[in-house]
Amino acid sequence: MNALKAGAVKTFALPMLRRIALLMTLLAVVFVAVDLLPGNAARSALGREADPAELAAKEHELGLDRALPVQFLDWISGVLTGDFGQTARGNSIGALLADKFPQTLLLGGIALLLTIALSLGLGCWWAMRPTALGSRILQPVSTVAVAVPEFVGGTLLILVFSLATGWLPAVTITGRSGFPLGPEMLVLPVLALAIPQIGWNARVVRSALLDVAAAPHVESAVLEGLPTRTILLRHMLPFAAPTIVAGYATSVGMLFGGALVVETLFNYPGVGAVLAGSVADRDATMVAAVVALTAIVIMVLLAVADVVRAWASRSAR
């Protein structure tokens, strides 16, 4: 029982505590970075025509006349009670996030599912047929896919599939629900997000399977003449699963972080536009709220990945 508790602490509690500490550090850095930018939220809210008295009153209203550590601690204490505060323009940050974050979850969720499906299939095929022509093509293609940033890949997708062919829209049009009017408007943003992660995870899957292929139980299964599919599904994938799941867990943060860039590129109605506007307004609380909410979602998904990885490790023994 003590060993089980110690294993649970090592597998779940300690990683979660490290992630929470990293998040707190990141949020503090956000406050400092926004404070170092020229101008402040009060000036952005009032405009250039505001006189010094109006500006001072607005700064007092927003709490900008207090020391930066005090502003940060006051905001964090509100977040712990579920209150993200208000923007410099007087809007509820919680309401803005509730309105825009589901669209970002939709975009990132579809990209993650596509990443898992395609990279798993490609990685398995690549590992089982290393000398095939397709495998030799996958080597450079996956390298290029990993190396190209999301905004560069998204720009190329727009040039090819929107401007050159006209097959897909380059700009997202939203309906009354706040979501894209049609599924075709999700295609290019999802591809821009998923392609680098598909390339990365296909390589991870291939490497994990090749490592397992040298294990004695796999060699015995090959000598017994078992079908390739049986060897892959029963003797290789269960043992490679912890490494594969760790790769997907890493991709979670990359996908949701990249979504903020892709949303701006495709005018997608998620938190990316909110984040861009809050940086322009020098609104540290809004920027920190977007970072905090995105990080919380990533932390939850990483915790799920920890559970799956632990289960896969025990099942493979």
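Note: the structure precedes this text.
Residues numbered from 1 in each chain as written. Predicted model: local features only at pLDDT ≥ 70, side-chain atom pairs only at ≥ 80, totals over all residues. Heavy atoms only, no water.

Counting its regular elements, the protein chain contains 12 helices and 0 strands. Its helices and strands in sequence order give the protein chain the pattern α-α-α-α-α-α-α-α-α-α-α-α, from N to C terminus. Over its C-alpha atoms, taken along the principal directions, the protein chain stretches across nearly 85 × 60 × 35 Å. For the protein chain, with 317 residues in total, the buried portion stands at 40%. (Helix = DSSP H or I, 4+ residues; strand = E, 2+ residues; numbered from the N terminus. Buried < 20%, exposed > 50% of the residue type's maximum accessible area, 1.4 Å probe, protein only.)

Attention now moves to the pattern of salt bridges. Counted according to the given criterion, the structure contains 2 salt bridges. In this structure, K58 engages E61 in a salt bridge whose closest nitrogen and oxygen atoms are separated by 3.6 Å. One end of the pair, K58, and the other, E61, are both in helix 3 (residues 52-62), 3 residues apart, so they sit about a helical turn from each other. Ionic pairing is found between D74 and R66, a salt bridge with its closest N-O pair at 3.7 Å. In this structure D74 comes out as partly exposed when scored by relative accessible area, which is 43%. (Salt bridge = Lys/Arg side-chain N within 4 Å of Asp/Glu carboxyl O.)

Glancing now at helix 5 (residues 93-128). Compared with an ideal rise of 1.5 Å per residue, which puts 36 residues at 52 Å, helix 5 spans 50 Å between its outermost C-alpha atoms and is within 8% of the ideal. Along its length, helix 5 shows its largest kink, about 35°, at K100, and proline P102 lies within four residues downstream of that point. (Expected span 1.5 Å × (residues − 1). Bend = angle between axes of the 7 residues up to and from the residue.)

The next thing to look at is unusual backbone geometry. Its identity is not glycine, yet N267 carries a phi of approximately 55°, on the positive side. Tracing the sequence through the fold places N267 in the loop between helix 10 (228-266) and helix 11 (271-280). With phi around 60°, R282 is a residue other than glycine that occupies positive phi space.

The quantities given are spatial measurements derived from coordinates; they are silent on function.
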